[in-house]
Amino acid sequence: MAQEIKFGTDGWRGIIADDFTFENVRRVAAAIASYVLKYEDAQRGVFIGYDTRFASARAARIVAEFVAAAGIPVKLANDYTPTPAVSYAVKHHSAAGGSW
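These notes cover the structure that comes with them. (Residues numbered from 1 in each chain as written. Predicted model: local features only at pLDDT ≥ 70, side-chain atom pairs only at ≥ 80, totals over all residues. Heavy atoms only, no water.)

## Some remarks on helix H1 (residues 22–39)
Let me state the cut-off plainly: Each helix is a run of H or I in the DSSP string that is no shorter than four residues. Each strand is a run of E no shorter than two, and both are numbered from the N terminus. Each residue after the first adds 1.5 Å to the expected span of a helix. Buried residues are those whose accessible area, probed at 1.4 Å on protein chains only, stays under 20% of the maximum for their type, while exposed residues exceed 50% and partly exposed ones sit between those limits. Contacts are residue-level and defined by heavy atoms, with any inter-residue pair within 4.5 Å sufficient.
Helix length check: H1 (18 residues) gives 25 Å between terminal C-alpha atoms against 26 Å at 1.5 Å per residue, within 8%. Buried within H1 are the following residues: Asn 24, Val 25, Val 28, Ala 29, Ala 33 and Val 36. As for H1, its buried residues are in contact with strand E1 (6–8), strand E2 (11–13), strand E3 (46–48) and helix H2 (56–69).

Right, dumping it as structure tokens:
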């Protein structure tokens, strides 16, 4: 049985290597791609950022790979990105969504 992933008002709630694993990152990425394909104009693409926390850049690359494999254009940040910057990019470029 898959482990439950918990989200709070500020995002994913978990402990690195316990709840926050690359396997669970892949599950979340698949859910993001599924949602965008079902409810958004997927060709508008998604923006993906990351922060300075351990493994954040690797997790962002995993999300980008899964979303792109679903046929959704991806813009992946090339450095640490504040959450408001991802939100601004989504709004400014009329993207289908964003992840951070």
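Let's pick the thread back up.
## Observations regarding the environment of Ala 85
Tracing the sequence through the fold places Ala 85 in helix H3 (residues 83–92). Look at Ala 85 and you get partly exposed, because its relative accessible area is 35%.

## Things to note about the packing of aromatic side chains
Applicable threshold: Classification of ring pairs rests on two measures: the distance between centres of Phe, Tyr or Trp rings, Trp counted by its six-membered ring, which must be within 6.5 Å, and the angle between planes, read as stacked under 30 degrees, edge-to-face over 60 and tilted in between. Criterion for a charge above a ring: Lys NZ or Arg CZ within 6 Å of the ring centre, and within 35 degrees of the ring normal.
Considering all chains together, one arrives at 4 aromatic pairs under this definition. Geometrically, the ring pair formed by Phe 7 and Trp 12 is tilted, given 5.9 Å between the ring centres and 45 degrees between the ring planes. When its relative accessible area of 52% is taken as the criterion, Phe 7 is described as exposed. A centroid spacing of 4.9 Å and a plane angle of 40 degrees characterise the contact between Tyr 35 and Tyr 39, whose relative ring orientation is tilted. Here Tyr 35 and its partner Tyr 39 are both found in helix H1, 4 residues apart, which amounts to about one turn of the helix. Tyr 35 gets classed as partly exposed once you look at its relative accessible area, which sits at 45%. Pairwise contacts between aromatic rings join Phe 7, Trp 12 and Phe 20 into one cluster. Sitting over the ring of Phe 22, Arg 58 keeps its end group 5.9 Å from the ring centre.

Nothing here speaks to function; it is all geometry.
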